[in-house]
Structure formats: structure tokens, C-alpha cells
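Breakdown of the fold
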Amino acid sequence: MYVYKKFSSVVALTLTASLVGVGCAKKDSTTSAQVSSSFKMTGSNSAATVANHKKPTLWSMLVEVAHALVPSSIVDSTGAAVTLTSAWTVIKEVEFKSEESVGSEDNESEVEFKGPYFVDLLSADPVALDTQSVTQKSIKRIKMKLEATQTTLPSGAPAGLANNSIYFAGSVAGKSFTFQLDDGTEIQIAGPNSFQPVEGSEMLVQIQVANIFKQINLTSIVNNEVIDHNNRHTGSSLCPSIDTSANDLYTCFRKGLEAQADFGVDKDGNDSLDGSDDHVK
């Protein structure tokens, strides 16, 4: 039986999750300190900034729905107006890593949170997905495994989310489009900084949605186009500031989620990772 909470609209996203520690070479949960922490994912209400050139690295026992915020204006890389009406994802598993890049600790994977978690990245009222006891350890990276929906959708979720792990819907310059991903891809968010969860921590994944669109050229989209693995919408120079090798919009959206995401501890509880918070990027 799934328990979930409602969520709302476009631009940056935030995750606060109860964490279970991940060990490195040899884990010994019996001797590691355990702390209770919550986990949340959301979208930011910040306006788009200049292109971010950081290299992409993007993120319970009960199913819940997180909430997010919508920016006042969204445009693509050409300045064309974008209206985002839906942005959902389904998270199957969450793991925390002590190394920024993939390392030896990945051979001893430990799942901190088990979903599925239905996340509405456009919600105006983000809520914790889960709260659990986690190992108090240094964290530099979060690995989230997405899952195509195989269960009944929660109230408020769009019908297009069925059988998909990511579903975006909106319009650009008056032309409607959807982006959907139906595989169990992994999204990793990492950076050079580290933090440790403490008792009562609110772990947060925040996605700068406006910045994703700001770096993608959507002018070639046709009205009512569905962008998925069957129609990746190929082209040239579609998102060079996200990935110079990307030659389709499908890849631009997928990698943009990682490139414009951050993960850390929301110390002041304002559903945003700011200068006073510890985060990996």
C-alpha cells in the first residue's frame, strides 16, 4: 500500500531523504554511529542563470510524493518561452557514496532507501520522502536508480507517467511536447565537497529546472511531439554546454538533470541549498 503526499511545477528540484550509511572497503554498521535523517527532492524557484559547465555526475519503505517550486519564467537556449505543466520522476533506490567519482566502494553497494518514490518536481510544497536511521559518514555522491512505473499512479500524477521513470510535459513557443524515459537509468550527483548527516538532518536533492531548459535548443520541436527512446529528436549543437557530444534532445534532458542538480543538507529548512548549507557541489 502506497503513502504519498502532493507536489507542484518547473525549474529546480529538492530531495530530503532519511539516509542509511554506505560503507567503503569493509562496512561495520554495528560500530558506526547511526542518526535519524530525512530525504527530500525538489525543484528550485530560482530563475535561470548563465550556463553551468560542471561535468554531469544527478537524484523508503513507504511510497510518498515530494513537492517542488516553479520559476517565474523559463526559456530555452534561444530565448524561446517555455511553459512546463508537468515534471515527475519515480525513484526506485537511493545510495550514498564517500567518493566523488565511481570507486571501489561501489563494489559493496548498500541501498539506503527503497521506493518506489513518486516525485512531483513542480510542487510548491516539498515534503520528506522518508525518514530513517543512517550511518554517519562522509558523503560526496548520491546515486539514484529510477524505475518505470509498474504500479497504480498516485493521486495528481499525470497519466503519461505510466510505464515511465521520468515524464515532462509542456510547450515551447506555443508548441506542445513531452519528454519521457521508460528505463531504469541511474542518476548520480557528485562534487568535491563532503558532508556528514547528523541527528535530524534534512537531506536535499535540488534540481535547477530553469537552467536545464536554458541550455537546450528546443526550436526544432514540432507541435505535440513525444521525445522518447523511439523518437530521440536528433540534431546538432542542441545542448553543447551540457554535453558537447549530445546529438539528440533525449540525451540533453537526461544529462541536464544530473548537470543541474545538487545534493546536501538543508540546515535552515527552507527547501533550498544556499550558502549556509553543506552540499557536494
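Refer to the structure printed above.
Overview of the structure.

Thresholds, definitions, all that
Residues numbered from 1 in each chain as written. Predicted model: local features only at pLDDT ≥ 70, side-chain atom pairs only at ≥ 80, totals over all residues. Heavy atoms only, no water. Buried < 20%, exposed > 50% of the residue type's maximum accessible area, 1.4 Å probe, protein only. Helix = DSSP H or I, 4+ residues; strand = E, 2+ residues; numbered from the N terminus. Pairing = 2+ DSSP bridges. Polar contact = N/O pair within 3.5 Å; in protein donor to acceptor, adjacent residues only side chain to side chain. Salt bridge = Lys/Arg side-chain N within 4 Å of Asp/Glu carboxyl O.

1. Comments concerning the pairing of strand S13 (residues 261-265)
- Among the five residues in S13, five count as buried, and that is most of the element.
- Bridging between strand S11 (residues 201-207) and S13 involves five bridges; their strand directions are antiparallel. In the sheet register, Gln206 faces S13, and the bridge partner there is Asp262.
- Relative to strand S14 (residues 278-279), S13 is paired through two bridges, and the arrangement is antiparallel. Opposite Gly264, over in S14, you have His279 as the bridge partner.

2. Focus: helix H2 (residues 249-259)
- Of all the eleven residues making up H2, ten are buried; the element is thus mostly covered by neighbouring parts of the structure.
- For H2, every residue scored as buried is listed here: Leu249, Tyr250, Thr251, Cys252, Phe253, Arg254, Gly256, Leu257, Glu258 and Ala259.
- The N-cap of H2, judged by a side-chain oxygen 3.2 Å from the amide nitrogen of Tyr250 a few residues on, is Asp248.

3. Brief notes about the environment of Gly156
- Along the chain, Gly156 falls in the loop between strand S7 (139-146) and strand S8 (166-172).
- Sequence spacing of Gly156 and Asp120 is 36 residues, and the spatial spacing of their C-alpha atoms is 9.0 Å.

4. Here we look at the pattern of salt bridges
- In total, this model carries seven salt bridges according to the counting rule given.
- One salt bridge connects Asp278 with Lys267, and the closest N-O pair in it is separated by 3.1 Å. One end of the pair, Asp278, is in strand S14; the other, Lys267, is in the loop between S13 and S14, and eleven residues separate them in sequence.
- On the basis of relative accessible area, Asp278 is assigned to the partly exposed category, the value being 34%.

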